[in-house]
Amino acid sequence: MLPYIVIILAVVYFVMKGTGFLDEFSKSRRTQDDPEEQQGWRLLDRMRNDSEMNRRLEIFKEFLGDNNEDEDE
């Protein structure tokens, strides 16, 4: 029974791929996900340009730099 299901699914896949329905479906899914993805990129851009965040990162880098120097000795 399982081989028949696999064969039927393969035929359906190739028919959908041949007619272009599968490509259109994947394009529509990508465009639906874009607003969320763009929102994430906008948030990252805001964080990059945030002076408070940059100050925190510099302090963290200094802390890690001091830590690494202590381990080398």
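Reading guide: rules and limits
- Residues numbered from 1 in each chain as written.
- Predicted model: local features only at pLDDT ≥ 70, side-chain atom pairs only at ≥ 80, totals over all residues.
- Heavy atoms only, no water.
- pLDDT = per-residue confidence, 0-100.
- Helix = DSSP H or I, 4+ residues; strand = E, 2+ residues; numbered from the N terminus.
- Expected span 1.5 Å × (residues − 1).
- Buried < 20%, exposed > 50% of the residue type's maximum accessible area, 1.4 Å probe, protein only.
- Salt bridge = Lys/Arg side-chain N within 4 Å of Asp/Glu carboxyl O.

Novice: An account of the confidence of the model for the protein chain is needed here, citing residue identities and associated values.
Specialist: For the protein chain, the mean per-residue pLDDT works out to 77, and 68% of the residues sit at or above 70. The secondary-structure element of the protein chain with the lowest mean pLDDT is helix H2 (residues 21-48), recorded at 70, while helix H1 (residues 2-19) shows the highest, at 92.

Novice: So, H1: which residues are in play, and what are the values?
Specialist: Over its 18 residues, H1 runs 26 Å from end to end, which matches the ideal 26 Å to within 8%, given 1.5 Å per residue. Summarising burial for H1: zero of the 18 residues are buried, a small minority. A positive phi of about 90° marks Gly-20, the residue just after H1.

Novice: Could you give me a rundown of the pattern of salt bridges, with the residues and numbers involved?
Specialist: Scanning the model with the defined rule gives two salt bridges in all. As a salt-bridge pair, Glu-58 and Lys-61 come within 4.0 Å of each other at their nearest N and O atoms. With Glu-58 and Lys-61 both in helix H3 (residues 51-72) and three residues apart, this pair spans about one turn of that helix. The exposed category is assigned to Lys-61, whose relative accessible area is 54%.

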